[in-house]
Amino acid sequence: MSLFCWLALVALIPMTLSTEPGVKVRLTAKGLEYGRQLGMAALQEELKTIRLPIFSGKERVPVIGRVRYRASNIVITSVGLPTSAVNLVPGTGIKMSIRGAFISLRGNWRVKYLFIRDSGYFDLHVGALSISASIAISSDATGHPVVSTANCVANIGSARFKFHRGASWLYNLFSKYLNRALRRALEKRICPEVTKAVSGMNPRLQSLNVLARVDKHAEIEYSMVSSPSVTTSYIDLNLKGEFYNIGNHQEPPFSPKAISLPPQVNNMVYISLSAYTANSAGFVYKRAGILSQDVTDDMIPRFSPIRLNTKTFGVFIPEIARRFPGLMMKLVVKAAKDPVVTFEPNKMTVNVTGTVTAYAIQPNGRLSSLFVLNLETSVSARVFLRGMRLGGAVTLNNFDLTVGTSSVGAFRVKSLDSIFEMVLNVVVIPVLNVQLAKGYPLPALRNMNLLNTRLQILKDNILIGTDVQFTG
């Protein structure tokens, strides 16, 4: 894992239309510092793989004449990157700089002068090495990010040879030529290795969940809706953050509002999830036809005096007991409109407009419609993180019932409130909470874990502040 893993959050797919995001991600200076540490460790290992070719040459040395030299089997023995920095360039991107770096090499040497031959091995210590690189970000045809080196410059400040074996007077015949050749060759190899280290992250970036499956009905898209906003202290990323029916991407009949993140910098990453994202989920599940719950008597606790049968309901609606004596009943609770989610400071509310249809179950299994009630209900929701998924749970605030249609004559619907309050609290909401607890995936890379996480409900959005750790 390296610094460039963070860049996966910067460019997800080619931008087409600029619009307000459903999700905003902020990468802070603290996050960039963690990325720098990972990046330097990865780059250090990459530089160790440099292999230099065999060097040979002929040089005419004053007074002495022509000297032939050869250096071979040159390998890197150690690399140090003690001082490095990653800086944000407003409106541009990321610049990486390294100062005071060093590389040590070892190789074999051979010299021929007139009829004299000698050989041995040498150590070369290259110091005061500086590297400067700018990172460019684009996307491939599949909508995944691609990172590359926009430009790179490497300079070696000093080089010190130490020769082993052979006659010392021979060293002076060729050392300065070998020194010059090796320094030039090494400078030429450093930037390609930097480029290789950056490009080597692209296979890992393919793991970014640009389109994340939620369940068999829905998926959520985390594509960019505009270019990232780069300042001197953070990068803001605007993601679509919209639910879709699998295989049928239809836009909802509403648009996201602008997201404003508070000036917090204690965590590496801040993720703001708007009510738009939650409401797009309601739109998707309503279209999928699954915002419906059948309620039968076997779902009611045995100790409850209220049973779903015509005897119980006949107490409040005598016509039911008269026309359908001794029958069990079935209720179908169904959303009639898309649920509406609102966020206020420390408060998340979901309002649902639905219907409750009551049936008598005939001995042959046929359903006889009794009545349809219009249902207006409000629930409070709490949200929580479970791994890399955001889950939730709801509790009933209040509800209101009115008669829609009736096949059993007029009746006072308020007399049924206690029954339906029990049905909602004991059956419908627990079933819903089982599904909500499964949650939906946040934008993430493979092997990405969240640490020191704090979740807040703000005006029109949920804010997750978190540190990040990569494993593997």
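Every value quoted in this text rests on a predicted model; they were computed, and no experiment measured them. (Residues numbered from 1 in each chain as written. Predicted model: local features only at pLDDT ≥ 70, side-chain atom pairs only at ≥ 80, totals over all residues. Heavy atoms only, no water.)

(A) Structural detail: the overall build of the protein chain. For the protein chain, the count of helices and strands is 7 helices and 23 strands. For a compact globule of 472 residues, the expected C-alpha radius of gyration is about 23 Å, and the protein chain comes in at 35 Å, more than 25% above that figure. In terms of overall dimensions, the protein chain has a C-alpha envelope of 125 × 40 × 35 Å along the principal axes. A buried classification covers 51% of the 472 residues belonging to the protein chain. At a minimum sequence separation of 6, the contacts of the protein chain that also span at least 24 residues come to 69%. Here the protein chain holds 53 positive side-chain charges and 28 negative ones, and the gap between their average locations is 13 Å. (Helix = DSSP H or I, 4+ residues; strand = E, 2+ residues; numbered from the N terminus. Rg over C-alpha atoms; globule rule 2.2 N^0.38 Å. Buried < 20%, exposed > 50% of the residue type's maximum accessible area, 1.4 Å probe, protein only. Contact = heavy atoms within 4.5 Å. Lys, Arg positive; Asp, Glu negative; His and termini not counted. Charge placed at Lys NZ, Arg CZ, Asp CG, Glu CD.)

(B) Here's a closer look at the state of the cysteines. Under the definition given, this model contains 1 disulfide. Covalent S-S linkage joins Cys152 and Cys191, the inter-sulfur distance amounting to 2.2 Å. Between Cys152 and Cys191, the S-S dihedral sits near -80 degrees, and the bridge is therefore left-handed. Note that Cys152 is positioned in strand 7 (residues 145-155) and Cys191 in helix 2 (residues 168-199), a separation of 39 residues in sequence. Looking at Cys191, the relative accessible area reads 14%, which means it is buried. (Disulfide = S-S within 2.5 Å.)

(C) Here's a closer look at the packing of aromatic side chains. Applying the stated criterion across every chain, the model contains 9 aromatic pairs. Measuring from ring centre to ring centre gives 5.2 Å for Phe371 and Phe411, while their planes differ by 55 degrees; the resulting arrangement is tilted. One end of the pair, Phe371, is in strand 19 (residues 367-386); the other, Phe411, is in the loop between strand 20 (389-406) and helix 7 (417-438), with 40 residues separating them in the sequence. Of the two residues examined, Phe371 and Phe411, each falls in the buried class. What links up through ring pairs into an aromatic cluster is the set Trp109, Phe122, Phe161 and Phe163. Positioned over the ring face of Tyr234 is Arg26, at 3.7 Å from the centre of the ring. (Phe/Tyr/Trp six-rings, centres within 6.5 Å; stacked < 30°, edge-to-face > 60°. Lys NZ or Arg CZ within 6 Å of the ring centre and 35° of its normal.)

(D) Main features of the nonpolar core. Core analysis: the biggest nonpolar cluster contains 86 residues, and Leu273, Val295, Phe313, Leu370, Phe371 and Phe420 have the highest contact counts within it. When residues of this core are assigned to their parent elements, the largest contribution, 8 residues, is made by helix 7. Excluding residues within four positions of it along the chain, Phe420 makes contact with Phe313, Leu331, Val356, Phe371, Leu373, Phe399 and Leu401. Core analysis: the second largest hydrophobic core is formed by 44 residues, Trp109, Phe174, Leu178 and Ala197 among them. (Core = buried A, V, L, I, M, F, W, Y, C linked by side-chain atoms within 4.5 Å.)

(E) Broad picture of helix 4 (residues 275-287). A rise of 1.5 Å per residue sets the reference length of helix 4, with its 13 residues, at 18 Å; its end C-alpha atoms lie 18 Å apart and thus fit the reference within 8%. Among the 13 residues in helix 4, 10 count as buried, and that is most of the element. Lining the buried residues of helix 4 we find strand 1 (23-28), strand 10 (218-221), strand 13 (242-245), strand 14 (269-274), strand 17 (340-344) and strand 21 (440-441). Looking one or two places after helix 4, you find Gly289, whose phi comes out positive at around 75 degrees. (Expected span 1.5 Å × (residues − 1).)

(F) The arrangement of a positive patch on the surface in detail. A cluster of like positive charges, contributed by Lys58, Arg60, Arg66, Arg68, Arg70, Arg110, Lys112 and Arg117, occupies part of the molecular surface. For the positive patch, the secondary-structure elements that each account for two or more residues are strand 2 (55-61), strand 3 (65-80) and strand 5 (93-113). Broken down by element, the residue count for the positive patch peaks at 3 residues, all from strand 3. Here Arg60 lies in strand 2. The exposure class of Arg60 is exposed, given its relative accessible area of 57%. (Patch = residues over 30% accessible without salt bridge, like charges linked within 9 Å, V, L, I, M, F, W, Y side chains within 5 Å. Areas by Shrake-Rupley, 256 points an atom, 1.4 Å probe, with all protein chains shown as cover. Salt bridge = Lys/Arg side-chain N within 4 Å of Asp/Glu carboxyl O.)

(G) Spatial organisation of the environment of Ser223. Structurally, Ser223 can be placed in the loop between strand 10 and strand 11 (229-230). Between the alpha carbons of Ser223 and Gln362 there is a distance of 52 Å; along the sequence they are 139 residues apart. Polar side-chain contacts of Ser223 include one of 2.5 Å to the side chain of Glu221. (Polar contact = N/O pair within 3.5 Å; in protein donor to acceptor, adjacent residues only side chain to side chain.)

(H) Looking closely at the pairing of strand 10. Covered by surrounding structure in strand 10 are Ala218 and Ile220 together with Glu219 and Glu221, the residues of both alternating faces. Summarising the sheet, strand 9 (residues 211-213) and strand 10 pair through 3 bridges and their orientation is antiparallel. The partner of Leu211 across the bridge, within strand 10, is Glu221. Hairpin connection of strand 9 to strand 10: 4 residues between the antiparallel strands. Pairing between strand 10 and strand 13: 4 bridges, direction antiparallel. Paired with Ile220 across the strands is Phe243, a residue of strand 13. (Pairing = 2+ DSSP bridges.)

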